[in-house]
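# Chain and residue survey
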Amino acid sequence: LRRFFSALLSLCMAVLLCTGAFAASTDGFSNFQAVNTYSKDSFADVSGWYATHVATVYTYGLMQGTVDPATGERMFSPGGEITLAETITLAARIHSIYSGDNYKFVQGSPWYQTYVDYAVEHNILSSVQEYSSYLSSATRAQFATIMASALPDSAYQEINMVEQGAIPDVD
């Protein structure tokens, strides 16, 4: 169940960011354009209610999925956990598109290094050593922190005010 909610949270956040639902100013949101063509067989493991959201994040180039090493099929892994590396990759792509810098991400070694370097350079992360293992699953707090740092404060519209301490499990 935790894996499902982690994947769902990432999809919802990416879709909301793409459509500008949080946008106070839509300047950078106009940079989000379709870069991939999605078809219902783009991923072997995508069907059901979330397929339209997968189509959105794929079409806008925010998420690319993976390749199953055993079968060679393209997968989205909707039931899987999102790693810190994948979260940072998503945040870097969102930042790059929003800012219009047209950064060309080239797969490094490890594969996510170029995204981590970009994230540090653009203050999404404070340093390359911010996390000890980028292949670890991202907690909800880590995901939210990284994603909130992907865009400037002006891109977020305040929708309500929560008093400090009003949510018992949030410091």
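See the structure shown above.
Now for a description of the structure that goes with this document.

## Regarding the overall build of the protein chain
Summing up its helical and strand segments, the protein chain has five helices and two strands in all. Starting at the N terminus, the α and β elements of the protein chain follow one another as α-α-β-β-α-α-α. Among the 171 residues that make up the protein chain, the fraction classed as buried is 36%. Residue pairs at least 24 apart in sequence account for 65% of intrachain contacts in the protein chain once pairs closer than 6 positions are excluded.

## Things to note about the packing of helix α3 (residues 84-99) against helix α4 (residues 113-121)
When two helices pack together, their arrangement is given by the angle between the helix axes and by the axis-to-axis distance. At a minimum axis distance of 9 Å, the contact between α3 and α4 shows a crossing angle of 55°. It follows that α3 is oblique to α4 by the angle criterion. In this structure, α3 meets α4 at a crossing whose hand is left-handed. Residues Ile88, Thr89, Ala92, Arg93, His95, Ser96 and Ser99 of α3 form the contact with α4, whose own contacting residues are Tyr115, Val116, Tyr118 and Ala119. For the contact of α3 with α4, the class distribution of residues is six nonpolar, four polar and one charged.

## Description of the side chain of His95
Tracing the backbone through its elements, the reader meets His95 in helix α3. Residue His95 is classed as buried on the basis of its relative accessible area, which comes to 14%. The contacts of His95, once residues within four sequence positions are left out, are Asp101, Tyr118, His122, Ile124 and Ala150.

## Notes on unusual backbone geometry
The omega torsion of the bond from Ser109 to Pro110 falls at -5°, within 30 degrees of zero and hence cis. Counting through the fold element by element, Pro110 comes out in the loop between α3 and α4. With a phi close to 50°, Asn102 is a non-glycine residue in the positive phi region. You can see Asn102 is positioned in the loop between α3 and α4. Using a relative accessible area of 58% as the deciding quantity, one classes Asn102 as exposed. Although it is not a glycine, Asn123 sits at a positive phi angle of roughly 60°. Residue position: Asn123 is located in the loop between α4 and α5 (140-148).

## Here we look at α5
Buried residues of α5: Phe143, Ile146 and Met147, and no others. The buried residues of α5 all sit within an arc of 95° when viewed along its axis, so they share a single face.

## A closer look at the packing of aromatic side chains
The final tally for this structure, using the stated rule, is 15 aromatic pairs. Measuring from ring centre to ring centre gives 5.5 Å for Trp49 and Tyr50, while their planes differ by 85°; the resulting arrangement is edge-to-face. Ring centres of Trp111 and Tyr115 lie 6.4 Å apart, and the angle between their planes is 65°; on these two criteria the pair is classed as edge-to-face. Relative accessible area serves as the criterion here: at 8%, Tyr115 is assigned to the buried category. Pairwise contacts between aromatic rings join Tyr103, Phe105, Trp111, Tyr112, Tyr115, Tyr118, Tyr131 and Tyr134 into one cluster.

Thresholds applied
Residues numbered from 1 in each chain as written. Predicted model: local features only at pLDDT ≥ 70, side-chain atom pairs only at ≥ 80, totals over all residues. Heavy atoms only, no water. Helix = DSSP H or I, 4+ residues; strand = E, 2+ residues; numbered from the N terminus. Buried < 20%, exposed > 50% of the residue type's maximum accessible area, 1.4 Å probe, protein only. Contact = heavy atoms within 4.5 Å. Axes fitted to C-alpha atoms, helices over the stretch in contact; angles between N-to-C directions. Parallel < 35°, antiparallel > 145°, perpendicular 65-115°, else oblique. Left-handed = near helix turned anticlockwise from the far one by under 90°. Nonpolar A, V, L, I, M, F, W, Y, C, P; charged D, E, K, R; others polar. Arc of directions from axis to C-beta. Phe/Tyr/Trp six-rings, centres within 6.5 Å; stacked < 30°, edge-to-face > 60°.

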